[in-house]
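Tertiary structure, described
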Amino acid sequence: MYEPIRTKSVHSTMAGTPSDFPHRSREEELDIQLAGHLTALLAVTDELRALTPSADLDAAAERLTGQVARLRGGRAPLRATPSATGDPAALHRRAHALAGRALVVAASRADTAAAILSAERMDAHAAALSEPQELSTAH
């Protein structure tokens, strides 16, 4: 009554066939994400350094550079020349948010050094936001 199928289905699965593109492990993906968040935080930190130079921001930039280089296998991040314009409060809010994202990824990959640095930067930017007299001097 029914005739058996004699040809292979065109709807077969890809199981058991080698793929044509490389796959990354979860750890590699998290390293890439964390490096991206820390690089973005570094860029905002550099903008803040141009507006309101401080030893704390200089030290933070150096530590961020070191963490990004570690995550990228020794390659230091590219850094643009920051402009000396902008709203310091907005930059501190952005830096706080970026540090929070970096903290979440660092915690999920159990990277203690990056998590500590991210938490410290969150605290520093939150403290800067609570001191409006310093932020209004750059205008």
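Check the entry above for the structure.
It should be emphasised that the depicted structure is a prediction, and the values quoted were computed from it without experimental measurement.

Moving on to the nonpolar core. One finds Leu34, Leu38, Leu41, Val44 and Leu64 to be the most contacted residues of the largest nonpolar core, which totals 25 residues. Those elements that place two or more of their residues in this core are α1 (26–51), α2 (55–71), α3 (88–108) and α4 (112–129). Considering every element that reaches this core, the biggest residue donor is α1, with nine residues. With residues near it in sequence (within four places) discarded, Leu64 still touches Leu38, Leu41, Leu42, Thr45 and Leu117.

What follows covers the environment of Pro88. For Pro88, the location among the structural elements is in helix α3. Note on Pro88: relative accessible area 0%, which makes it buried.

Our next topic: the side chain of Asp111. Its place among the elements puts Asp111 in the loop between α3 and α4. A polar contact of 3.1 Å, which involves the side chain of Asp111, links it to the backbone nitrogen of Ala114. With residues up to four places along the chain from it excluded, the contact list for Asp111 reads Leu34, Gln67, Arg70, Leu71 and Ala106.

Turning to the packing of α1 against α2, a few remarks are in order. Relative orientation of the contacting elements α1 and α2 amounts to 155 degrees, with a least axis distance of 9 Å. The angle between α1 and α2 falls in the class roughly antiparallel. Helix-helix and strand crossings are classified by hand; for α1 and α2 the assignment is left-handed. Contacts between α1 and α2 involve Asp31, Leu34, Ala35, Leu38, Thr39, Leu41, Leu42, Thr45, Asp46, Leu48 and Arg49 from the first element and Leu57, Asp58, Ala60, Ala61, Leu64, Thr65, Gln67, Val68 and Leu71 from the second. Residue composition of the contact of α1 with α2, by class: 12 nonpolar, four polar and four charged.

Turning to its location among the elements, Thr65 is positioned in helix α2. With relative accessibility at 14%, the residue Thr65 sits in the buried group. A distance of 2.8 Å separates a polar side-chain atom of Thr65 from the backbone oxygen of Ala61. Sequence-distant contacts of Thr65, defined by excluding residues within four places in its chain, comprise Leu42, Pro77 and Arg79.

Here the focus is the pattern of salt bridges. All told, the structure shown has nine salt bridges when counted by the stated rule. The partner of Arg24 in a salt bridge is Glu29, with the nearest N and O atoms 3.0 Å apart. With relative accessibility at 53%, the residue Arg24 sits in the exposed group. Residue Arg109 is joined to Asp111 by a salt bridge in which the shortest nitrogen-to-oxygen separation is 2.4 Å. Look at the salt bridges and you will find they share partners, linking Asp31, Arg70, Arg109 and Asp111 into a network.

Its 26 residues place the ends of α1 38 Å apart at the C-alpha level, agreeing with the 38 Å of an ideal helix rising 1.5 Å per residue. Within α1, the full set of buried residues consists of Leu30, Leu34, Ala35, Leu38, Thr39, Leu41, Leu42, Val44, Thr45, Asp46, Leu48 and Leu51. Lining the buried residues of α1 we find α2, α3 and α4.

A word on the environment of Asp58. Within the secondary structure, Asp58 is located in helix α2. Linking Asp58 and Leu48, residues 10 residues apart in sequence, is a C-alpha distance of 9.9 Å.

Rules and cut-offs
- All residue numbers here refer to positions counted from 1 along the written sequence of the relevant chain.
- In keeping with the model being predicted, local features are shown solely for residues with a pLDDT of at least 70 and side-chain atom pairs are shown and tallied solely at 80 or more, while totals for entire chains, interfaces and linings include all residues.
- No hydrogens and no water enter the side-chain calculation; it runs on all heavy atoms of the structure.
- The definition of a nonpolar core used throughout is a set of buried Ala, Val, Leu, Ile, Met, Phe, Trp, Tyr and Cys residues joined through side-chain atoms within 4.5 Å.
- Buried means the residue's accessible area, taken with a 1.4 Å probe over protein chains only, is under 20% of the maximum for its type, while exposed means over 50%, and partly exposed covers the values in between.
- Working definition: helices are DSSP H or I runs of at least four residues, strands are E runs of at least two. Numbering for both runs from the N terminus.
- Working rule for contacts: check all heavy atoms of both residues, and any pair within 4.5 Å makes them a contact.
- Distance and chemistry together define a polar contact, namely a pair of N or O atoms within 3.5 Å, with one atom able to donate a hydrogen and the other to accept it when in protein, and with adjacent residues in sequence counting only for side-chain atoms on both sides.
- Axes here mean lines fitted to C-alpha atoms, for a helix over just the part in contact, with angles spanning 0 to 180 degrees between N-to-C directions.
- Should an angle lie under 35 degrees it is considered roughly parallel, over 145 roughly antiparallel, and from 65 to 115 roughly perpendicular; all remaining angles are considered oblique.
- Put simply, a crossing is left-handed when the front helix is turned counterclockwise from the back one by less than a right angle, and right-handed when it is turned clockwise.
- Following the grouping adopted for this structure description, the nonpolar residues are Ala, Val, Leu, Ile, Met, Phe, Trp, Tyr, Cys and Pro, the charged ones are Asp, Glu, Lys and Arg, and the polar ones are all others, Gly among them.
- By convention in these notes, a salt bridge is any Lys or Arg side-chain nitrogen within 4 Å of a carboxyl oxygen on Asp or Glu.
- Every helix has an expected span of 1.5 Å times one less than the residues it contains.

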